[in-house]
Number of protein chains: 2
Amino acid sequence: MLVNGQIADSISIEDRGLLYGDGIFETIICEQGQAILFDQHIARLQQGCEALELARQNETTLQSEIMDVAQGEDCVIKVLVTRGSRMRGYRYDANDETHTRIVYRSPLPEIPDTFYHQGITLGLSEYRLPSNQALAGIKHLNRLDQVLACRGWEDDYSEKIVLDNDGLIIEGTMSNVFIEMNGKLKTPVLLRSGVAGVMRQWLVEHANLMDIEVIQSELNLEDLKQADAIFVCNSVVGIWPVTKFIDQNFPISSNTRTLMTFIRDKLSNLYIAL
Amino acid sequence: MLVNGQIADSISIEDRGLLYGDGIFETIICEQGQAILFDQHIARLQQGCEALELARQNETTLQSEIMDVAQGEDCVIKVLVTRGSRMRGYRYDANDETHTRIVYRSPLPEIPDTFYHQGITLGLSEYRLPSNQALAGIKHLNRLDQVLACRGWEDDYSEKIVLDNDGLIIEGTMSNVFIEMNGKLKTPVLLRSGVAGVMRQWLVEHANLMDIEVIQSELNLEDLKQADAIFVCNSVVGIWPVTKFIDQNFPISSNTRTLMTFIRDKLSNLYIAL
């Protein structure tokens, strides 16, 4: 674990990351110590820094710290950047580049093979995500929405869909959602809430290489129920086919299989394909 | 500084308070080591624990830790309760009482006497607070709204009003707002956003003892501009009369003076009266 480049496993209790959630983070999977989708993670991290007027990060430093911490192993690396502890109160000085940069390692998550081979069951969270253009898309440290979206989790479900106050589908609690209709993929637009996942973004940009069209649009529960197929994804777990939404069954489509193979071949062998 | 009752000035970088802002806090002013409005702060803290399904706190333990840390001095004590670090990912177990309890001390804020005697100038934040019934009123650790509401702060202003997306007045960046119309006080309802301040609540409950009526209602900028008088308050600074909103002047009303004296006499000599 590194805090501003020094070995440490704790931070000051006066850090604004703790006091206000005043910062951003990335969760990156590493294969033999190599950060997968590194450029995309860094791009989103820099966008987050810009949105919050945090100091832009030195990419070379970050990359070398991730390699230091990953130690050549398969693991998950979490990077946090907070506004540090110099300024008291909510106000901040956009010209003050003080920040706390944390890089730490966790083991790969233990995911049953069945999640990939048989698909998962998706539930519906009762929590509604608020709309907030200023924070939409950013992976910031104010994640009570996601925590509360997990309230009362039943073991029947491996992931849950979360809607906004207008009933639009935004995302899963820790993943993005894609639905297939007539051979085309659709994924919710994330202009007013939600986290624009790095895997989602990569699929939006690269699916056309496999002759698969992806459209970002407003989607509601009716769209989901009428979908030909559904999957959820993030940059750590890859793609999970959804074979059941509450009590309605869905197949694993050939497009879903194609994309599972595509991310394994193009990005990392850690992503399980069928 | 105490962390779970032990002397410490840092917490684990895997604490959910840092990772997700999964916790709550109170900021309490102490006069000669005595926590002012202690019962009200604890009541709100317990409400916050309940809303987030965090373990209720032992009030005797908290009171004794605050006294330990305050050491008989005039100071500000901050109490944080987070969900600790046992559970990975957003999910949590509502039956798991693991938590991190932090109690630490800061000096009293340095506030110019003129803020009380001549009043302050109030600005208007461009940031809009999102509506979220599940989190409204709670003093949780997701405070990016307040941080962003302070963006581009001009020195002309000592506090700024923040509106919601419907243009309703919610609060100041670090205070609650009261306006006076025809001898009655009005303060925004906080059912969809905002922090229900302890001083606000105390004034709502006790102003009638001074024959002052307080109504909680929806208020917009027009109401503010047509007010006879304005003040902002919180439990650390007491009451600041507002004598200017952007470029419009307001008097310090006799009701405002009365309440400033009232909180000094009833609550603490640290609250400055005219």
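Residues numbered from 1 in each chain as written. Chains lettered and ligands numbered in written order. Predicted model: local features only at pLDDT ≥ 70, side-chain atom pairs only at ≥ 80, totals over all residues. Heavy atoms only, no water.

**Focus: the relation of the copies chain B and chain A**
Threshold: For this overlay, a least-squares fit was computed on C-alpha atoms, restricted to residues scoring pLDDT of at least 70 in both copies. Contacts were defined at the residue level, with two residues in contact if any of their heavy atoms lie within 4.5 Å.
In screw terms, the move from chain B to chain A is a rotation of 180° and a rise of 0.0 Å along the axis, fitting with an RMSD of 0.0 Å. Considering both components of the superposition, the chain copies are consistent with a two-fold axis. A high fraction, 100%, of the interface residues of chain B reappear at the interface in chain A, so the copies pair face to face through one surface.

**Focus: the environment of threonine 258 of chain A**
Residue and element names in this part refer to chain A. The cut-off we apply is this: Starting at the N terminus, helices and strands are each numbered in turn, a helix being any DSSP run of H or I of at least four residues and a strand any DSSP run of E of at least two. When accessible area is computed with a 1.4 Å probe and restricted to protein chains, residues below 20% of their type maximum are described as buried, those above 50% as exposed, and intermediate ones as partly exposed. Polar contacts, as used here, are pairs of N or O atoms within 3.5 Å; protein pairs need one atom able to donate a hydrogen and one able to accept it. Residues neighboring in sequence count only if both atoms are side-chain atoms.
Counting through the fold element by element, threonine 258 comes out in helix H8 (residues 254-266). Taking the relative accessible area as the measure of exposure, threonine 258 reaches 26% and is therefore partly exposed. Each C-alpha atom of the pair threonine 258 and asparagine 234 lies 16 Å from the other, and the pair is 24 residues apart in sequence. Ignoring anything within four residues of it in the chain, the contact list for threonine 258 reads Met210 and Ile212. Of the polar contacts made by the side chain of threonine 258, one reaches the backbone oxygen of serine 254; its length is 2.8 Å.

**A closer look at helix H2 (residues 38-51) of chain A**
Residues and elements named next belong to chain A. Rule in force here: Each helix should span, by expectation, one fewer than its residue count multiplied by 1.5 Å.
With 14 residues, H2 extends 20 Å from end C-alpha to end C-alpha; this agrees with the ideal 20 Å at 1.5 Å per step. Every buried residue belonging to H2 is among Phe38, His41, Ile42, Arg44, Leu45, Gln46, Gly48 and Cys49, and all of these are buried. On its buried face, H2 sits against strand E4 (23-31), strand E5 (34-35), helix H3 (59-70), strand E6 (75-82) and helix H6 (198-206). At the C-terminal side of H2, glutamate 53 shows a positive phi close to 55°.

**A word on the pairing of strand E8 (residues 120-129) of chain A**
Residue and element names in this part refer to chain A. Stated formally: Two strands qualify as a pair provided DSSP detects at least 2 bridges between them. Every crossover in which the path from the first strand over the helix to the second runs clockwise, viewed with the strands pointing away from the viewer, is termed right-handed.
Pairing of E8 with strand E15 (residues 238-245), which is carried by three bridges, proceeds in the parallel orientation. Among the inter-strand pairings, leucine 122 is bridged to a residue of E15, identified as phenylalanine 245. When E8 meets strand E9 (residues 159-164), the two strands line up parallel, connected through five bridges. Its bridge partner lying in E9, leucine 124 is registered against isoleucine 161. Regarding the hand of the β-α-β motif, the stretch spanning E8, helix H5 (residues 144-149) and E9 is right-handed.

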